[in-house]
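Secondary and tertiary structure notes
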Amino acid sequence: MVLNLDGSKPIYVQLAEWLENEILNGHFDSGQKIYSQYQLAEIFNINPATAAKGLNILAEENVLYKKRGLGMFVSDEAKSIILTKRRTQTLTGLVEELAAEARRLDVSKEELIEMIKGAMTGGTEE
Amino acid sequence: MNVIECKEITKSYGRVKALDNLCCTIEENKITGLIGRNGAGKTTLLKIIAGHLRQTSGEVKVFSLEPFNNLTVSANIIFLHDQVNLPTALTLKEILQTTGSFYPNWNHELANRLFNYFSFHPFQYYHGLSKGMKSTFNMILGLSARCPLTLFDEPTTGMDAAVRKDFYRALLKDYIEHPRTIILSSHYLDEIEDLLEEILVLKEGKQLLHMPVAELQDWAMTVQGKAPVVKEWTNDKQIIYSKKVGDDQMLTVVKNDFSAKERQLSREVGIELSPVTTSDLCVYLTSKSTGGIDDVFGQHDDDGGH
């Protein structure tokens with residue numbers, strides 16, 4: 001797994017999202033110790049301070065918690081916090097973009113809804 | 001703790017000021033990128049820090065000491081650049097051994113491993129190496145010395161892409177194991193920015209900006225859309241760069257202080273806000289005019305009539 005280093009998002013944000021995915025995938029359970037800033041720096045070839053910033057974002061959101069001298073651990077509520085955040089922020093943003101693009105292309109509301117329905121049921125061809 | 005403190009240093013070469021009242025500090029055990037256009041004063045600054053040059057005026061402290069002609073400073077610094085004077089009578093292997101005897105933290109095993117990895121020959125001479133191989137050899141010296149203060153001036157000159165990548169990885173790995181203060185000047189900011197903790201940008205001999213790289217990554221924003229709307233949106237902001245795109249579109253880079261509400265509103269009025277890559281931002285910041293090279297051709301365009 002390589003971060004997208006094209007600069008569209010700061011690296012520490014991408015790193016935080018990557019860690020969130022690892023938690024959602026179940027690679028890290030609640031109560032489990034997550035990678036240290038040095039391990040992350042080594043994995044992604046980034047400065048350890050940048051890696052720490054990614055971890056701190058998640059600690060501020062209570063996805064992770066610190067144990068003094070031991071490192072960062074996944075909190076009990078981690079998954080639900082991530083899911084709520086993604087639904088309210090990421091998904092809403094994507095939907096707004098989708099609606100804007102549809103307006104630009106003169107796609108009607110009904111057509112767009114049909115397309116979404118199609119995509120949700122997996123029938124994405126044509 | 002600050003390893004380097006520069007107060008109002010000026011360095012003049014004849015009538016030209018390479019450094020002009022520069023103030024900056026470098027903190028301990030951080031990797032700092034020294035960025036600037038050709039002639040911004042990067043090399044002069046590094047030479048003064050290393051004690052190779054004396055400033056015309058101002059005060060420089062390295063490990064709280066004046067670096068010029070100072071043995072203590074010199075023993076704790078390794079400065080690598082493309083004009084390093086290495087003895088022509090010694091083979092590469094002998095240079096490694098000699099350099100090792102100068103530096104207390106020198107790691108011979110690391111030096112040998114890198115030496116073999118990059119396929120150097122023990123009996124080669126430095127002056128017979130290609131430009132890229134010279135840079136690679138310098139890198140081996142710089143990393144193996146494990147000096148408390150390591151200065152790399154354009155370390156990747158002449159290296160091919162694969163070696164550059166290896167160099168960045170080697171630097172980072174050794175830094176994680178043995179944290180130390182490293183300054184790296186480079187033209188390839190996009191390649192090194194992930195390695196850096198801090199970025200120090202020089203322009204015309206002055207410090208333009210010094211901040212954590214992570215902050216710089218969302219420090220500016222591109223505003224793109226119809227010219228009148230873009231103008232309206234950016235007139236109360238600090239404009240860093242601006243250019244016309246096509247007939248009625250405009251692209252302006254401004255300091256990012258947009259609120260979440262403004263971001264949302266931007267979509268409705270048909271304006272696109274997007275982040276600026278750090279290396280683009282540095283090009284904009286260090287350019288002499290806000291329109292860049294287009295300004296040079298701009299006048300001609302206006303005269304020509306449409």
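Everything numeric here is computed off the predicted structure, so don't read it as measured data.

Our focus in this paragraph is the overall build of chain B. Within chain B one finds 12 helices and 13 strands. Dimensions along the principal axes, computed over C-alpha positions, put chain B at roughly 65 × 40 × 40 Å. Considering only contacts in chain B between residues 6 or more positions apart, those separated by 24 or more positions represent 65%. Carbon and sulfur atoms form 49% of the exposed surface of chain B, whose accessible area is close to 15,400 Å². Computing the positive centroid from 32 side-chain charges and the negative centroid from 39, chain B places the two 4 Å apart.

This part takes up the overall build of chain A. A count of helical and extended segments in chain A gives 5 helices and 2 strands. Taking 14 Å as the expected radius of gyration for a compact globule of 126 residues, we find that chain A reaches 18 Å, considerably beyond that expectation. Viewed in the frame of its principal axes, chain A has a C-alpha envelope of about 55 × 30 × 25 Å. Looking at chain A residue by residue over its 126 residues, the buried ones come to 32%. Taking contacts inside chain A between residues at least 6 apart in sequence as the whole, the part at least 24 apart equals 46%. Total accessible area computed for chain A in this model is approximately 8,000 Å², and 55% of it derives from carbon and sulfur atoms. Distance between charge centroids for chain A: 9 Å, based on 14 positive and 19 negative side chains.

Here we take up the sheet that holds strand β12 (residues 249-255) of chain B. Consider a sheet: its strands pair through backbone hydrogen bonds, and that pairing is either parallel or antiparallel. Residue and element names in this part refer to chain B. Reading across from one edge, β11-β12-β10-β13 is the order of the 4 strands in this open sheet, with antiparallel pairing throughout. Sheet topology places β11 (239-245) and β13 (272-275) at the edges, where each strand pairs with a single neighbour. When the angles between neighbouring strand axes are averaged without regard to direction, this sheet yields 20°. Bridging between β11 and β12 involves 6 bridges; their strand directions are antiparallel. Each residue of the ladder has a partner; that of S242, found in β12, is T252.

Turning our eyes to something else, we now look at the pattern of salt bridges. When the charged atoms of two side chains with opposite charge come close together, those side chains can pair. Residues and elements named next belong to chain B. According to the stated counting rule, one finds 20 salt bridges over all chains in the structure shown. The closest approach of N and O atoms between D20 and K17, which form a salt bridge, is 4.0 Å. Here K17 falls in the partly exposed class, since its relative accessible area comes to 46%. With a shortest N-O distance of 2.7 Å, D174 and R146 are connected by a salt bridge. With D174 in helix α6 (residues 161-177) and R146 in the loop between α5 (131-144) and β6 (149-153), this pair connects stretches of sequence that are 28 residues apart.

Residue and element names in this part refer to chain A. Parsing chain A into structural domains produces domain 1 (11-76) and domain 2 (79-120). The interface of domain 1 with domain 2 comprises 8 residues on the first partner and 6 residues on the second. For the pair domain 1 and domain 2, the summed buried surface comes to about 760 Å²; carbon and sulfur atoms form 57% of the total. Contact with domain 2 buries surface across domain 1, with E20, L24 and E61 losing the most and accounting together for 58% of the total. On inspection of domain 1 and its partner domain 2, the count reaches 3 salt bridges.

Counted under the stated rule, the structure contains 13 aromatic pairs over all chains. When the ring of F28 of chain A is compared with that of Y35 of chain A, the centres are 5.2 Å apart and the planes differ by 80°; the resulting orientation is edge-to-face. With a relative accessible area of 24%, Y35 of chain A lands in the partly exposed category. Taking 5.7 Å as the distance between ring centres and 50° as the angle between the ring planes, the aromatic pair formed by F167 of chain B and Y168 of chain B counts as tilted. In terms of burial, F167 of chain B and Y168 of chain B fall into one category: buried. The cationic tip of K53 of chain A hangs over the ring face of Y12 of chain A; the distance from NZ or CZ to the ring centre is 4.3 Å. It is K237 of chain B that lies over the ring of F258 of chain B; its NZ or CZ is 4.5 Å from the centre.

On the surface, a cluster of nonpolar side chains totalling about 280 Å² of accessible area is made up of L91, L94 and V95 of chain A. Structurally, the position occupied by L91 of chain A is in helix α4 (residues 78-104).

Turning next to the sheet that holds strand β1 (residues 2-13) of chain B. All names here are of chain B. One open sheet accounts for 3 strands, arranged β2-β1-β4; its pairing is antiparallel. Two strands lie at the open edges of the sheet, namely β2 (16-27) and β4 (57-62), each paired on one side alone. The mean angle between the axes of side-by-side strands here comes to 15°, regardless of whether they run parallel or antiparallel. Bridge analysis of β1 against β2 gives 8 bridges, and the strand direction is antiparallel. For N2, the partnering residue across the bridge sits in β2 and is E27.

To continue, consider the side chain of E20 of chain A. Residues and elements named next belong to chain A. As for its placement among the helices and strands, E20 is situated in helix α1 (residues 11-24). Exposure remark for E20: the relative accessible area of 2% places this residue in the buried category. A distance of 2.4 Å separates polar atoms of two side chains, one belonging to E20 and the other to K85.

Thresholds applied
- Residues numbered from 1 in each chain as written.
- Chains lettered and ligands numbered in written order.
- Predicted model: local features only at pLDDT ≥ 70, side-chain atom pairs only at ≥ 80, totals over all residues.
- Heavy atoms only, no water.
- Helix = DSSP H or I, 4+ residues; strand = E, 2+ residues; numbered from the N terminus.
- Contact = heavy atoms within 4.5 Å.
- Areas by Shrake-Rupley, 256 points an atom, 1.4 Å probe, with all protein chains shown as cover.
- Lys, Arg positive; Asp, Glu negative; His and termini not counted.
- Charge placed at Lys NZ, Arg CZ, Asp CG, Glu CD.
- Rg over C-alpha atoms; globule rule 2.2 N^0.38 Å.
- Buried < 20%, exposed > 50% of the residue type's maximum accessible area, 1.4 Å probe, protein only.
- Pairing = 2+ DSSP bridges.
- Axes fitted to C-alpha atoms, helices over the stretch in contact; angles between N-to-C directions.
- Salt bridge = Lys/Arg side-chain N within 4 Å of Asp/Glu carboxyl O.
- Domains from an automatic or database assignment.
- Buried area = accessible area lost by both parts, 1.4 Å probe.
- Phe/Tyr/Trp six-rings, centres within 6.5 Å; stacked < 30°, edge-to-face > 60°.
- Lys NZ or Arg CZ within 6 Å of the ring centre and 35° of its normal.
- Patch = residues over 30% accessible without salt bridge, like charges linked within 9 Å, V, L, I, M, F, W, Y side chains within 5 Å.
- Polar contact = N/O pair within 3.5 Å; in protein donor to acceptor, adjacent residues only side chain to side chain.

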